[in-house]
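Structural description and commentary
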Amino acid sequence: MASRFESRKRTILSQLEAPDGEYHDLSPKGYVDEPIRDLISEINSLDGLVTTSSCSGRISVFLEGRKANIGDFCSEEQTESRAGPGGKGGGGAWLYISHDPVKGSDVTTASTYTSLFGLQDAASDDDRLASVKSRYIHLKFEPMILHILTASIQHAQRVLTAALSAGFRESGAVSLGATKLTDPTPIVAVRSTGYSFDSIIGHQINADQNIALVDEHYIKTMVAVANDRFRINAERIARFRAALTEIFQPTLNGADPSKKKDWEDADARRQRKREEGLARQQAMQAEAAEGPDRTHADEIDLSLDSQVQ
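Summary of the structure given here. (Residues numbered from 1 in each chain as written. Predicted model: local features only at pLDDT ≥ 70, side-chain atom pairs only at ≥ 80, totals over all residues. Heavy atoms only, no water.)

Turning our attention to the overall build of the chain. Assigned secondary structure in the chain consists of nine helices and nine strands. Contacts spanning at least 24 positions in sequence make up 77% of the contacts within the chain whose residues lie at least 6 apart. By element, 50% of the accessible surface of the chain is carried by carbon and sulfur atoms, the whole surface being about 16,500 Å². (Helix = DSSP H or I, 4+ residues; strand = E, 2+ residues; numbered from the N terminus. Contact = heavy atoms within 4.5 Å. Areas by Shrake-Rupley, 256 points an atom, 1.4 Å probe, with all protein chains shown as cover.)

With 32 residues, helix α7 (residues 216-247) extends 46 Å from end C-alpha to end C-alpha; this agrees with the ideal 46 Å at 1.5 Å per step. Here α7 has its buried residues at I219, M222, V223, A226, F230, N233, R236, I237, F240, A243 and L244. (Expected span 1.5 Å × (residues − 1). Buried < 20%, exposed > 50% of the residue type's maximum accessible area, 1.4 Å probe, protein only.)

Before going further, it helps to examine the sheet that holds strand β5 (residues 145-150). Read from one edge of the open sheet, four strands run β1-β5-β7-β6, paired in antiparallel fashion. The sheet is open, and its two borders are formed by β1 (49-55) and β6 (172-174), each paired with just one other strand. Strand after strand, the sheet turns through a mean of 20° between neighbouring axes, direction not considered. Looking at chain direction, β5 and strand β7 (residues 187-190) are connected through four bridges and run antiparallel. Looking at the pairing, L146 lines up with V190 of β7. Against the sheet, helix α2 (residues 37-44) contacts β1 and β5, and its axis sits at roughly 160° relative to β1. (Pairing = 2+ DSSP bridges. Axes fitted to C-alpha atoms, helices over the stretch in contact; angles between N-to-C directions.)

Let us now look at the pattern of salt bridges. Tallying each qualifying case throughout the model produces five salt bridges. We note a salt bridge from E42 to R241, for which the minimum N-O separation is 2.4 Å. With a gap of 199 residues between them, E42 in helix α2 and R241 in helix α7 connect regions that are remote in the sequence. A relative accessible area of 30% places E42 in the partly exposed class. R241 gets classed as partly exposed once you look at its relative accessible area, which sits at 31%. (Salt bridge = Lys/Arg side-chain N within 4 Å of Asp/Glu carboxyl O.)

Here is the structure:
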């Protein structure tokens with residue numbers, strides 16, 4: 001009889017294997033990001049691992065949702081229609097999203113970065129006046145985030161070791177405890193927030209005018225920074241991919257990664273213990289906190305237990 005993990009993996013893979021014209025997930029665009037398709041396929045080919053959500057990294061421009069006035073009393077229905085912390089909800093909207101660096105040809109077509117991102121110059125000084133109640137427009141860069149369901153704590157530790165060694169320092173794991181009926185199947189979040197950024201570049205007036213609060217040169221500078229972060233992101237993804245392949249190489253040869261070698265020298269054992277201890281510490285810290293923070297609105301979530309973004 002198939003284990004709970006095997007059943008979930010089989011279901012997820014059957015969805016991913018659907019033809020492009022038929023496959024659709026919960027992200028706005030409805031499919032896996034092209035820059036990490038090969039990585040996703042390689043992870044899913046390993047015994048004991050399957051991806052449940054992913055974002056390869058992106059640059060985006062986001063308009064905050066409607067904000068509640070300070071001191072206002074709102075019913076439950078009204079509260080749900082207002083933006084939460086960070087501006088999500090309440091009619092917030094993505095004005096621009098790209099999972100690749102912004103090309104010069106994109107700007108040539110739109111004439112300026114300002115227009116490419118759906119903004120317009122202020123007609124007067126009054127249009128530039130913003131307040132805490134304003135619906136701000138953010139220019140963001142967010143690196144890769146990847147959630148991997150694992151068959152055991154041992155599998156999770158190896159994924160965490162690969163993630164931490166590749167530079168994804170905020171990685172962690174949840175669901176580490178076993179239930180009465182099943183062994184633990186932790187979910188590992190591979191992530192790093194250290195090189196993300198969020199810059200306010202505009203605000204909305206008159207319910208439909210998105211006004212730039214900064215000049216074209218500033219936006220161009222931020223795009224250049226984001227494009228360089230894409231380079232860093234790609235390098236870390238490549239390191240993670242290589243580390244994961246090396247750590248799970250026994251799996252590719254038909255061995256069980258949860259079983260230790262019959263013999264290893266002192267230096268190798270010391271290194272392995274250090275890596276496993278670090279991974280275990282990271283996992284416990286994440287479990288004590290709130291678990292993986294899904295900051296990407298277009299994560300692809302295919303897990304059976306959580307079909308919401």
